[in-house]
Amino acid sequence: MDEVIQVTQWLSSITPRKKAKLFFFTAHADAPSPMVGSNDVDTHEETQLPLATTVALHNFKNIDEFLKKKVNTFSCYNVIENEITKTDYEYLRFYSACKYLDVVPPFLDLEKISAIQNKFEMTDEERDYRLLLDSADLVLEKVCDSLKPAGVSQMWTALRKDRNLIRGVKTIDIIGFFVDPNPTGIKECLFFFIVRFLQKADKINRVNTNRLERLIAQCDESSSCEEGKTIDFIIDSLRFYPTELYPFGFCLIMCVIEGRDGAMQEIEKTMEISRHLGMITHTEKNPTKETIELVKKELMKPKYQFYSSFTCWFMSHGDSNSMVLADGETIEREWFLTSFPDISTFQLKPEVFFMVSCRGANKFSLKGDEFEGQSATCDYYDIGSALIRNRMLDITDSVRDISYVQPMMDTLVAYSIILDHLSGRANTHGSIYVDRACVLMSENISRGRSLTEILEHLSQDLHEILQETMDEDRIVYKQACHYDSFFRKTLKLPYTRHPKEDVHSAPQ
């Protein structure tokens, strides 16, 4: 069958709503870099104009032309070995979006998909199409699905009132002030236009969504939300780190085995819980400084930009400032923690570090038979009350910026012990902290708990356990863990496990 006819039949089989979503996922706001063929050319017209004309004319002709162009580009594309191009990235995004929406063209060359995945050096696990979907876009899709056409129309009206933001933007004028978002697929096109416009204007990104939240907050709840949804529910969904679908993220496990009883148990537990959470995992036994440098170099490869989070377990002996490596050399803990957030592939994504080592030799020793504790309570006030809000600073958009980010932002560091103290371990099972952390994370799957909630529970649980030194003094002591958070959103553990075998990947 003629290819033109095939493409026409394929487009005619896709509903308007799915066409809008396929365009949204394919005309992605941010592409990995550096890549061959990737530059700073403004793609505003390519990503905004088809949406604007579709909303204004209630006609999907321009979106159809965009999708045809993509298909034709991929059809003529020759995969070049050892050179990742912008088209490689776009091909993978297009394929994953089609797979997600169940609209894969029957004529799409899947062998090219496999060849591109080879260039990205993807493992079998990484060939799952869900890895290629941008989790932030999936969250925005759910926000759109939660709004009625009237709600998106109200967002548009609120956006049009911001004269400074829309001044001189031609595509804004194409749509006009008043729109009818009720025809099938138009609501989606208008919402996705608003989102991509705010992204191009550098007002929102995958972490900073305040500007979008404020537009939604101006909607009338009774007319703007789908059944069972509320404005608060929709806004709350934007306040979590986007980690939709499989995999939950990439997990790096580094463990010094020499001279550490139970170290293999630590590896088994952390591997089991990371896989249970739906992470793709890599383990380094007995790491050295050279190992760490090689791992950092590996994590800079383009394929890691597809991951939505990064977790690292580092387990070794240590003291207040450093950690002991397998060859007896030491590294500064601070150097280790500050070197990973600089890796560009995980910028604007949550990075979690579990640092399991002693930070000194002190122990919180227990000397009596009975122990009494004290608790304190304090009064809380509603920060949203009109009285308090009216006394706060008026922070305007002109003094806000989301372009420059301090490297440690979106990072959480969890320590097995407070400074200058001993981190306890069992002879056969390794670190007690690792054991309890894995148990609590496993128990909280499907409960929708955030990572910080679990860490707080872990702090309580661990501090209840009586431990004993293995020397002749047999001192009974307690362990106190803690964490430092630079998170700007909440990181929730997945509700369900997403095993790879549930979804077919591209042929290899």
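Below: a short report on this structure. No experiment lies behind these values; they were computed from the predicted model shown. (Residues numbered from 1 in each chain as written. Predicted model: local features only at pLDDT ≥ 70, side-chain atom pairs only at ≥ 80, totals over all residues. Heavy atoms only, no water.)

1. Things to note about the pattern of salt bridges
Right, on to step 1. A full pass over the atoms with the stated rule returns 24 salt bridges.
Right, on to step 2. Between aspartate 134 and arginine 206 there is a salt bridge, and its shortest N-O distance comes to 3.2 Å. With aspartate 134 in the loop between helix H7 (129-132) and helix H8 (135-146) and arginine 206 in the loop between helix H12 (186-200) and helix H13 (210-217), the pair connects residues that are 72 residues apart, well separated along the chain. Residue aspartate 134 shares its accessibility class with arginine 206, and that shared class is buried.
Right, on to step 3. Across the salt bridge formed by arginine 488 and aspartate 410, the nearest N and O atoms sit 2.7 Å from each other. One end of the pair, arginine 488, is in the segment after strand E13 (482-485); the other, aspartate 410, is in the loop between helix H19 (386-390) and strand E8 (411-415), and 78 residues separate them in sequence.
Right, on to step 4. Aspartate 410 gets classed as buried once you look at its relative accessible area, which sits at 1%. (Salt bridge = Lys/Arg side-chain N within 4 Å of Asp/Glu carboxyl O. Helix = DSSP H or I, 4+ residues; strand = E, 2+ residues; numbered from the N terminus. Buried < 20%, exposed > 50% of the residue type's maximum accessible area, 1.4 Å probe, protein only.)

2. A closer look at the nonpolar core
Right, on to step 1. Formed by 102 residues in total, the largest nonpolar core has its most connected members in Trp10, Leu22, Phe191, Phe336 and Phe340.
Right, on to step 2. Looking at this core, the element that brings in the most residues is H12, giving 10 residues.
Right, on to step 3. Both domains that meet at this core, namely domain 1 (3-29 + 44-239) and domain 2 (249-364 + 406-486), each give it at least three residues.
Right, on to step 4. The next biggest cluster of nonpolar side chains, apart from the first, holds 36 residues, and it includes Leu412, Met441, Ile445 and Leu462. (Core = buried A, V, L, I, M, F, W, Y, C linked by side-chain atoms within 4.5 Å. Domains from an automatic or database assignment.)

3. Comments concerning the packing of aromatic side chains
Right, on to step 1. For the structure on display, the rule yields 28 aromatic pairs.
Right, on to step 2. Considering the side-chain rings of phenylalanine 74 and phenylalanine 94, the 5.3 Å spacing of their centres and the 50° angle between planes classify their relative orientation as tilted. Taken together, the residues phenylalanine 74 in helix H4 (residues 61-76) and phenylalanine 94 in helix H5 (residues 86-101) connect sequence positions 20 residues apart. Both residues of the pair, phenylalanine 74 and phenylalanine 94, belong to the buried class.
Right, on to step 3. A ring pair is formed by phenylalanine 336 and phenylalanine 340, whose centres lie 4.9 Å apart and whose planes are at 55°; its orientation type is tilted. (Phe/Tyr/Trp six-rings, centres within 6.5 Å; stacked < 30°, edge-to-face > 60°.)

4. Focus: the sheet that holds E13
Right, on to step 1. As summarised here, the arrangement of the six strands in space is E2-E1-E3-E6-E8-E13, forming an open sheet in which the pairing is mixed. Across the chains shown, the open sheet's two edge strands, defined by having one partner strand only, are strand E2 (279-285) and E13. Across the sheet, the mean angle from the axis of one strand to that of its neighbour is 15°, orientation sign disregarded.
Right, on to step 2. With respect to the sheet, helix H16 (residues 263-276) is in contact with strand E1 (249-255), E2 and strand E3 (310-315), its orientation differing from that of E2 by roughly 165°. (Pairing = 2+ DSSP bridges. Axes fitted to C-alpha atoms, helices over the stretch in contact; angles between N-to-C directions. Contact = heavy atoms within 4.5 Å.)

5. With respect to helix H21 (residues 451-463)
Right, on to step 1. Taking 1.5 Å per residue as the helical rise, H21 with its 13 residues ought to reach 18 Å, and the 18 Å between its terminal C-alpha atoms agrees with that figure.
Right, on to step 2. Of the residues making up H21, those classed as buried are Leu451, Thr452, Ile454, Leu455, Leu458, Asp461 and Leu462.
Right, on to step 3. Looking at the buried positions of H21, the neighbouring elements they touch are strand E6 (351-356), E8, helix H20 (432-443), strand E11 (467-468) and E13. (Expected span 1.5 Å × (residues − 1).)

6. Focus: unusual backbone geometry
Note: most residues except glycine have negative phi, and most peptide bonds are trans.
Right, on to step 1. Even without a glycine there, the phi angle at histidine 58 is positive, about 55°.
Right, on to step 2. Tracing the sequence through the fold places histidine 58 in the loop between helix H3 (44-57) and H4.
Right, on to step 3. For histidine 58, a relative accessible area of 37% gives the class partly exposed.

7. Some details on empty space enclosed by the protein
Right, on to step 1. Considering all chains together, one arrives at four cavities of 30 Å³ or more under this definition.
Right, on to step 2. Each pocket or cavity is described by its volume, and for the largest cavity that value is around 90 Å³.
Right, on to step 3. Lining the largest cavity are 13 residues, and of these Leu277, Met279, Thr311, Phe354 and Met441 lie nearest its centre.
Right, on to step 4. Every element with two or more residues in the lining of the largest cavity is listed here: H16, E3 and E6. (1 Å grid on protein atoms, 1.4 Å probe; cavity = no way out; pocket = protein on both sides within 12 Å on 5 of 7 lines; lining within 4 Å. Points joined across faces, edges and corners; volume = space filled by probe spheres on them.)

8. Quick word on a negative patch on the surface
Right, on to step 1. A surface patch of negative charge is lined by Asp220, Glu221, Asp232 and Asp236.
Right, on to step 2. Relative to the helices and strands, glutamate 221 resides in helix H14 (residues 221-224). (Patch = residues over 30% accessible without salt bridge, like charges linked within 9 Å, V, L, I, M, F, W, Y side chains within 5 Å. Areas by Shrake-Rupley, 256 points an atom, 1.4 Å probe, with all protein chains shown as cover. Lys, Arg positive; Asp, Glu negative; His and termini not counted. Charge placed at Lys NZ, Arg CZ, Asp CG, Glu CD.)

Function-wise, these values are silent; they only describe arrangement.
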